[in-house]
Amino acid sequence: MFPEIRMRRLRKGKIRNLVRETSLSPNDFVHPIFVDETIEKSEEISSMPGVFRFPLSEVAKEAREVAALGIPAVILFGVPKHKDAKGSSAYGEHEVIQEAVRKIKAELGVELVVITDICMCEYTDHGHCGIVDLEAEEILNDPTLEVLGKIAVSHAKAGADMVAPSGMMDGMVGAIRKALDKNGFEAVSIMSYAAKFHSSFYGPFRDAADSGYSFGDRSTYQMDPANSDEALREAALDVAEGADILMVKPALSYLDIVYRVKHELELPTAAYAVSGEYSMLKAAAEKGWLDEEKTVYEALLSIKRAGADIIISYFAKDIARRLK
Ligand code: PBG
């Protein structure tokens, strides 16, 4: 009790460094890369200043830059030339992501972990994350699982180290694990978007990946932001289906979920600091209302403190540069 106990004793000078409980390292981060088959030169995304879409010809160079900063992994998102109702350009042998993986692996091999997002929304003309019954305007769960398995196998064949299913279909992790194992890819790991919420913070990503939708919204498969126990149930099911890493998405508004998933399930846990989290800090900094460097550091540190072992962030390169 005061006056014997004085918390301020440990807040002076370098003593602060000695008692610091959390720190950031480039090793904590995964950097997202958008690969766009429809462009010849890299293009900045208007709602995400400083983030670019890259043509296949520039992907390896970008990946080399990420690796040189000491960041261990990238996660790839594709923008294909061709979209149809079945998302067929998601699983061919020579489509945008498969080619991007080959290029990065040829250049960097084991120097960089290549993670691929497994979802249909970037490849379907209706923009939903699964096979759709267009008449009923319904996203069909079980027919989608087979396609997700095919996508995962095609990415693994190209050399992906890890796949990250993000479509929130029931049974997706089990279906992908089975498909990978059946094709000899037992060593490819799964980072599941286990608790992915139906969030308005994905807005800028939909510009970036050109993946808006033609009807309804994603609330029949993504989670209600109001729910926490349900997130734990989702995550526990993914563990049972064979997930190696659990992800919570978005990050900042869901730190309670990150904390619970990490401490109740005890798996390596990732948090995805999504496009809207990037854009709001960038916009406030552009207006001169917030100090970008300091607020970005604080936001990312808080994600780590909540329990994330891995942070997927569009700020990964910036932060790694600063930590060097
Ligand atoms: C695809 C996917 C989305 C994001 C990652 N994978 C968009 C969505 O579900 O609408 C969002 C990433 C971000 O906002 O940075 N299913």
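Refer to the structure above for everything that follows.
Residues numbered from 1 in each chain as written. Predicted model: local features only at pLDDT ≥ 70, side-chain atom pairs only at ≥ 80, totals over all residues. Heavy atoms only, no water.

Student: Would you mind showing me how to read the pairing of strand E12 (residues 310–313) here?
Tutor: Regular strands place their side chains on alternate faces of the sheet. Residue alternation in E12 divides its side chains into two sets, Ile310 and Ile312 and Ile311 and Ser313, and both sets are buried. Where strand E1 (residues 29–36) lies against E12, 2 bridges are found, and the strand directions are parallel. Bridged to Val30 within E12 is Ile312. Across 4 bridges, strand E11 (residues 269–273) lies against E12 in parallel orientation. In the strand pairing of E12, Tyr272 is matched with Ile312. (Buried < 20%, exposed > 50% of the residue type's maximum accessible area, 1.4 Å probe, protein only. Helix = DSSP H or I, 4+ residues; strand = E, 2+ residues; numbered from the N terminus. Pairing = 2+ DSSP bridges.)

Student: I tried to follow the pattern of salt bridges on my own but got confused; where do I start?
Tutor: Side-chain pairs of opposite charge can arise where the charged atoms are in close proximity. Using the criterion set out here, one finds 14 salt bridges in the structure. Asp28 serves as the salt-bridge partner of Lys304, at 3.1 Å between the closest nitrogen and oxygen. Linking Lys304 in helix H10 (residues 292–306) with Asp28 in the loop between helix H1 (15–18) and E1, this pair joins segments that are 276 residues apart in sequence. With relative accessibility at 9%, the residue Asp28 sits in the buried group. The partner of Asp161 in a salt bridge is Lys105, with the nearest N and O atoms 2.8 Å apart. Taken as a pair, Asp161 in the loop between helix H4 (141–158) and strand E8 (162–165) and Lys105 in helix H3 (residues 96–108) lie far apart in primary sequence, 56 residues in all. Under the relative-accessibility criterion, Lys105 is labelled buried at 18%. Overlapping salt bridges, with partners in common, bring together Glu62, Glu65 and Lys317 in one network. (Salt bridge = Lys/Arg side-chain N within 4 Å of Asp/Glu carboxyl O.)

Student: Would you mind showing me how to read the layout of surface pockets here?
Tutor: Of the voids in this model, the largest pocket is the one considered here, and its volume is about 440 Å³. Along the walls of the largest pocket sit Met7, Leu10, Arg11, Arg16, Val19, Arg20, Glu21, Thr22, Glu298, Leu301, Ser302 and Arg305, which together make up its complete lining. For the lining of the largest pocket, the element with the most residues is H10, which contributes 4 residues. The residue makeup of the lining of the largest pocket, split by class, is 4 nonpolar, 2 polar and 6 charged. (1 Å grid on protein atoms, 1.4 Å probe; cavity = no way out; pocket = protein on both sides within 12 Å on 5 of 7 lines; lining within 4 Å. Points joined across faces, edges and corners; volume = space filled by probe spheres on them. Nonpolar A, V, L, I, M, F, W, Y, C, P; charged D, E, K, R; others polar.)

Student: Help me understand the packing of helix H8 (residues 255–265) against H10, please; the structure alone is not making it clear to me.
Tutor: Viewed as axis vectors pointing N to C, H8 and H10 meet at an angle of 35°, and their least axial separation amounts to 8 Å. Contact residues: H8 offers Leu255, Val258, Tyr259 and His263, while H10 offers Ser302, Ile303 and Ala306. (Axes fitted to C-alpha atoms, helices over the stretch in contact; angles between N-to-C directions. Contact = heavy atoms within 4.5 Å.)

Student: How do you make sense of the site of the ligand when you look at a structure like this?
Tutor: The full set close to the ligand counts 18 residues, and Arg206, Arg218, Lys249, Ser275 and Tyr314 are the nearest of them. The side chain of Lys196 places a nitrogen or oxygen atom 2.7 Å from an oxygen atom of the ligand. When the ligand sits alone it has 400 Å² of accessible area, and the protein chains cover 100% of it. One can see that the ligand is located within the largest cavity. Within the shell around the ligand, the residues separate by chemical class into 9 nonpolar, 3 polar and 6 charged. (Near = heavy atom within 4 Å. Polar contact = N/O pair within 3.5 Å; in protein donor to acceptor, adjacent residues only side chain to side chain. Areas by Shrake-Rupley, 256 points an atom, 1.4 Å probe, with all protein chains shown as cover. Sits in = over half its atoms within 2 Å of the grid points.)

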